[in-house]
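Letter by letter, the chains look like this.
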Amino acid sequence: MEKSMRRSSALLIVDVQNDFCPGGSLAVPGGDLIIPVINQYIRFFRKNGLPVLVSRDWHPSGSVHFTAGGGIWPEHCLQGSEGARFHPDLDLPDTAVIISKGIDPERDDSYSGFQAVTEDGKTLHELLVEKRIGHLFVCGLATDYCVKSTVLDTLSHGFSVTLLTDAIRGVDLKPGDSKKAIAEMISAGAETADISGLETGCCD
Ligand code: VGL
Ligand code: ZN
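Throughout what follows, the structure given in this document is the object of discussion. Keep in mind it's a predicted model, so treat the numbers as computed, not measured.

Moving on to the overall build of the chain. Broken down by element type, the chain carries four helices and seven strands. The order of helices and strands in the chain, counted from the N terminus, is β-α-β-β-β-α-β-α-β-α-β. Rg of the C-alpha trace for the chain: 16 Å, near the compact-globule value of 17 Å for 204 residues, within the 12% margin. Dimensions along the principal axes, computed over C-alpha positions, put the chain at roughly 55 × 35 × 30 Å. Taking all 204 residues of the chain together, the buried fraction comes to 50%. Nonlocal contacts in the chain, meaning residues at least 24 apart in sequence, comprise 74% of its contacts between residues at least 6 apart. On the chain, roughly 9,500 Å² of surface is accessible, and the fraction owed to carbon and sulfur atoms is 50%. If you average the places of the 18 positive and of the 28 negative side-chain charges in the chain, the two averages end up 6 Å apart.

So, about the site of ligand 1. The full set of residues close to ligand 1 is Asp15, Phe20, Leu26, Asp57, His65, Trp73, His76, Tyr111, Leu141, Ala142, Tyr145 and Cys146. Here a nitrogen atom of ligand 1 sits 3.1 Å away from a polar atom, N or O, in the side chain of His65. Ala142 is positioned such that a nitrogen or oxygen atom in its backbone is 3.1 Å from an oxygen atom of ligand 1. In the complex, the protein chains occlude 100% of the 260 Å² of accessible area that ligand 1 would expose alone.

Surrounding the zinc ion (ligand 2) are the protein donor atoms Asp57 (OD), His59 (NE2), His65 (NE2) and His76 (NE2), which sit 2.0 to 2.2 Å from the metal. Positions of the donor residues of the zinc ion (ligand 2), expressed as sequence spacing, correspond to D-x1-H-x5-H-x10-H. According to the relative accessible area criterion, Asp57 is buried, its value standing at 3%. On the accessibility criterion, His65 (3% relative accessible area) is buried.

What follows covers the nonpolar core. Core analysis: the largest hydrophobic core is formed by 61 residues, its most contacted members being Leu11, Ile13, Ile38, Leu53 and Val151. The greatest single-element share of this core, amounting to seven residues, is contributed by helix 1 (residues 35–47). The contacts of Leu53, once residues within four sequence positions are left out, are Ala10, Leu11, Leu12, Ile13, Val97, Leu124, Leu127, Leu128, Ile133 and Leu136.

A separate point is the pattern of salt bridges. Counted according to the given criterion, the structure contains five salt bridges. A salt bridge links Asp15 to Lys101; the shortest N-O distance between them is 2.6 Å. Taken as a pair, Asp15 in the loop between strand 1 (8–14) and helix 1 and Lys101 in strand 3 (residues 97–101) lie far apart in primary sequence, 86 residues in all. For the residue pair Asp15 and Lys101, the accessibility class agrees, reading buried in each case. A salt bridge links Asp120 to Lys122, with the nearest nitrogen and oxygen atoms 3.9 Å apart. Owing to a relative accessible area of 60%, Asp120 belongs among the exposed residues under this scheme. Overall, the relative accessible area of 24% leaves Lys122 in the partly exposed class. Salt bridges here are not isolated pairs; linked through shared partners, they connect Asp15, Asp57 and Lys101.

Two numbers describe how helix 3 (residues 143–156) lies on helix 4 (residues 177–187): the axes approach to 10 Å, and their chain directions differ by 5 degrees. When the interaxial angle is binned, helix 3 and helix 4 end up roughly parallel. Along its contact with helix 3, which presents Thr143, Asp144, Tyr145, Val147, Lys148, Val151, Leu152 and Leu155, the element helix 4 presents Asp177, Ser178, Ala181, Ile182, Glu184 and Met185. Of the residues contributing to the contact of helix 3 with helix 4, the split by class is eight nonpolar, two polar and four charged.

Cut-offs used in this document
- Numbers given to residues run from 1 along each chain, matching the order in which its sequence is written.
- Chain letters and ligand numbers both follow the written order, the letters beginning at A and the numbers at 1.
- Per-residue local features of the predicted model are confined to residues with pLDDT of at least 70, and side-chain atom pairs are confined, for both listing and counting, to 80 or more; whole-chain, interface and lining totals are unaffected and use all residues.
- Side-chain numbers come from the whole structure's heavy atoms, not from hydrogens or water.
- Only runs of H or I of at least four residues qualify as helices and only runs of E of at least two qualify as strands under DSSP, and these elements are numbered from the N terminus.
- For this measure, only C-alpha atoms enter the radius of gyration; the expected value for a globule follows 2.2 Å times N^0.38, where N is the number of residues.
- Accessible area is worked out with a 1.4 Å probe on protein chains only. A residue is then buried under 20% of its type maximum, exposed over 50%, and partly exposed in between.
- What makes two residues a contact is simply this: any of their non-hydrogen atoms within 4.5 Å.
- All accessibility values rest on the Shrake-Rupley procedure with a 1.4 Å probe; residue burial counts only the protein chains present in the view.
- In this count, Lys and Arg are taken as positive residues and Asp and Glu as negative ones, while His and the chain termini are left out.
- Lysine's charge is taken at NZ, arginine's at CZ, aspartate's at CG and glutamate's at CD.
- Here a residue is considered near a molecule or strand provided that any single heavy atom belonging to it is located within 4 Å of it.
- Two N or O atoms form a polar contact when they lie within 3.5 Å of each other; inside protein one atom must be a possible hydrogen donor and the other a possible acceptor, and for residues adjacent in sequence the pair counts only when both atoms belong to side chains.
- Sites may look incomplete because water is not among the atoms; the donors themselves are N, O and S atoms within 2.8 Å of the metal, or within 3.2 Å for Na, K and Ca.
- In this text, buried Ala, Val, Leu, Ile, Met, Phe, Trp, Tyr and Cys residues form a nonpolar core when linked through side-chain atoms within 4.5 Å.
- Here, a salt bridge means any side-chain nitrogen of Lys or Arg that lies within 4 Å of a carboxyl oxygen of Asp or Glu.
- Lines fitted to C-alpha atoms define the axes, with helix axes restricted to the stretch in contact, and inter-axis angles between N-to-C directions lie between 0 and 180 degrees.
- Angle categories: roughly parallel below 35 degrees, roughly antiparallel above 145, roughly perpendicular from 65 to 115, and oblique for all the rest.
- Charged residues are taken to be Asp, Glu, Lys and Arg, nonpolar residues to be Ala, Val, Leu, Ile, Met, Phe, Trp, Tyr, Cys and Pro, and polar residues to be all remaining types, Gly included.

Printed below as a string of structure tokens:
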């Protein structure tokens, strides 16, 4: 295949928002500890001219996702709130493409990036096709919910995935959930890498 037709890689950072970090309403233990590593990945992808995509949980108040509406979660990531903002330490480039999910108040658990849309209404699938992206490097929060669901959907839509194992953290409502989630993603076909892989060219 011609080089210009080759499908490229992109970084997808999942839900690194204040509410999922210590101090937030649905804090993932150690959620902020992955941010310096994610910033290294961001630098690497930018240096190599590769796209950086970033998802966010973006719920309306009264969502059935929340306990008050019959769901299992405390209120978090309310559209436009401080808790829904990306963590201030995350070095997001201006060129990062934001996709938002959990927008539908009647739909409880839209954990997957494939249920997210860009600001101009494109789905993640449309975005990947348009940008000729064939492989996603995935990191972020939370391993056992949005990361897992996004990775499994990416694979089932025919894209390949590398899970960045040093840049994810889980909720672990039940101990071991994150470990189980990682095993599930691998058995569905995800490869794994960590920051030491950058020098050996993991992310071309
Ligand atoms: C998430 C729980 C509830 C996530 C979102 O981003 O993993 N987890 N809503
Ligand atoms: Zn949510």
